[in-house]
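Each chain, written out:
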Amino acid sequence: MRNPSDSIHGSSMSRYMTLLFAVACGMSVANIYFAQPLLDHLSREFGIDYSSIGILITITQIFYAVGLLLLVPLGDLLNQRRLIIGQMLLSVVALIIVSTASSSTILFVGMASVGLLAVVTQTLVAFAATMAAPAERGRIVGMVTSGIVIGILLARSISGILTDLAGWRSVYLVSAALVLFMVCTLFRVLPNVEREVRSLSYSQLLRSVFMLFVQERVLRIRAILALLIFTAFSILWTSVVLPLSAPPLSLSHTVIGAFGLAGIVGALAAARAGKLADRGYGQRTTGIALLLLLISWWFISFTERSLLALVIGIVLLDLAVQAVHVTNQSIIFALRMEARSRLTAGYMVFYSIGSATGSIASTQIYSHYGWNGVCWLGASVSAVALLFWAITLRATNAALQ
């Protein structure tokens, strides 16, 4: 579809540029997760029941999925520099809408826009791959992707600290200012790489994403695994603020947000999982990680009696989810080198569906069955993921060979 000149051959992406891309990715993806520790605040201020407040996260994730499907493929058709800067400028507007929302309707519209435009992270990753020399492309993409993971993990801590200092609206105002600063920086340093697109129109490009699911069985299997693991991930992180902020614990948002730091272990394990997948151990790594995901819910179930147990559970859950996620990407990227952007878009849609499903289900279950009900839900989803992996093990191995 594209000329070889799409890559900047022979160039080496500097450490500064790589770090800049990683920070930009982390800042953009964090905007999706800022609201998770704030659900009780938003519930009280806008008069939304606990049983329904999870819809806010669900809408954000749904529009993130829409953006993955409609905006990410544009990176194969349009100038990536302009696309990145344009999306980030619109993100600033969306963040300001959220921070100044006077009604639940405006809040929901703002959060939907934030989710839609946060997919600029995937465009940044693709552009980093274009800028990097072929010999270092894997390392560069890995470092930039780590920014996404760190952004997700730090979002809750930053959100909690800012909320305790200056209220929940300050979270989105500060983010808007930082994103605007990043736009100015990227405008100065991003190269203007023009590419010639030969054959595919935008509509054909979108249709080809669906065709990949028809043609690639491994993509279908790994996408379903992504849906299940991120459902479990979202079940925990959407609802954990509710028991932690309620009596008898009554923790501050700063303390609640700090629990996200425990997930750094998951980010560190992700790189190792990718190396194991490259050596042919992707299936074994997936099975072990899914077993750890199931075990993590036993520790998480003791949250209201032991915060140490919650920390152990968080470490195991984040480690497991990130390990499976990295392994999934390693496997699907090997399917078709010429279609990696579309493979990413299709795969990440299932990630968003899982996140949205977990958000709405966890708050509904918590309102009716409490924290034990949430833990049973998370354990059930994790068990289904492990069972699905076992059932599809032979089919996946056959397809990969």
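Here the structure is shown first, and the text comes after it.
Everything numeric here is computed off the predicted structure, so don't read it as measured data. (Residues numbered from 1 in each chain as written. Predicted model: local features only at pLDDT ≥ 70, side-chain atom pairs only at ≥ 80, totals over all residues. Heavy atoms only, no water.)

## Examining the side chain of S28
Spelled out, the test is: Helix and strand definitions follow DSSP, with helices as H or I runs of at least four residues and strands as E runs of at least two, each counted in order from the N terminus. Between two residues, a contact is recorded if the distance between any of their heavy atoms is within 4.5 Å.
Within the element layout of this structure, S28 appears in helix α1 (residues 15-33). Ignoring any residue separated from it by four or fewer positions in sequence, one finds S28 in contact with M88, A118, V120 and T121.

## Some remarks on unusual backbone geometry
Here is the rule: Throughout this description, buried means an accessible area under 20% of the type-specific maximum (1.4 Å probe, protein chains only), exposed means over 50%, and partly exposed covers the range between.
Backbone torsion omega between P247 and P248 reads 5°, so that peptide bond is classified as cis. For P248, the location among the structural elements is in the loop between α11 (241-245) and α12 (253-258). Non-glycine residue S250 carries a positive phi angle of around 45°. Of note, S250 is situated in the loop between α11 and α12. Note on S250: relative accessible area 44%, which makes it partly exposed.

## With respect to the packing of aromatic side chains
Working definition: an aromatic ring pair is given by the centre-to-centre distance plus the angle between the planes. Stated precisely, the cut-off is as follows: Between the rings of Phe, Tyr and Trp (Trp by its six-membered ring), a pair exists once the centres lie within 6.5 Å; its type follows the angle of the planes, with under 30 degrees stacked, over 60 edge-to-face, and the other angles tilted.
Applying the stated criterion across every chain yields a total of 11 aromatic pairs. The interplanar angle of 65° and the centroid separation of 5.9 Å between the aromatic rings of F46 and W168 together place this pair among those described as edge-to-face. Residue F46 is located in helix α2 (residues 39-46), and its partner W168 is located in helix α8 (residues 168-189); the two are separated by 122 residues in the primary sequence. Its relative accessible area of 4% is what places W168 among the buried residues. Judged by centre distance (5.4 Å) and plane angle (35°), the rings of F213 and F350 are tilted. Here the residue F213 occupies a position in helix α9 (residues 202-215), and F350 occupies one in helix α16 (residues 340-400), the gap between them amounting to 137 residues. The exposure class of F213 is buried, given its relative accessible area of 16%.

## Thoughts on the side chain of T231
How we decide: N or O atoms closer than or at 3.5 Å make up a polar contact, with two conditions inside protein: a donor-capable atom paired with an acceptor-capable one, and, for residues adjacent in sequence, both atoms drawn from side chains.
By the element assignment, T231 lies in helix α10 (residues 217-239). Among the polar contacts made by the side chain of T231, one reaches the main-chain carbonyl oxygen of G354 at a distance of 3.1 Å. Every residue in contact with T231, bar those within four places of it in the chain, is listed here: G354, S355, T357, G358 and V381.

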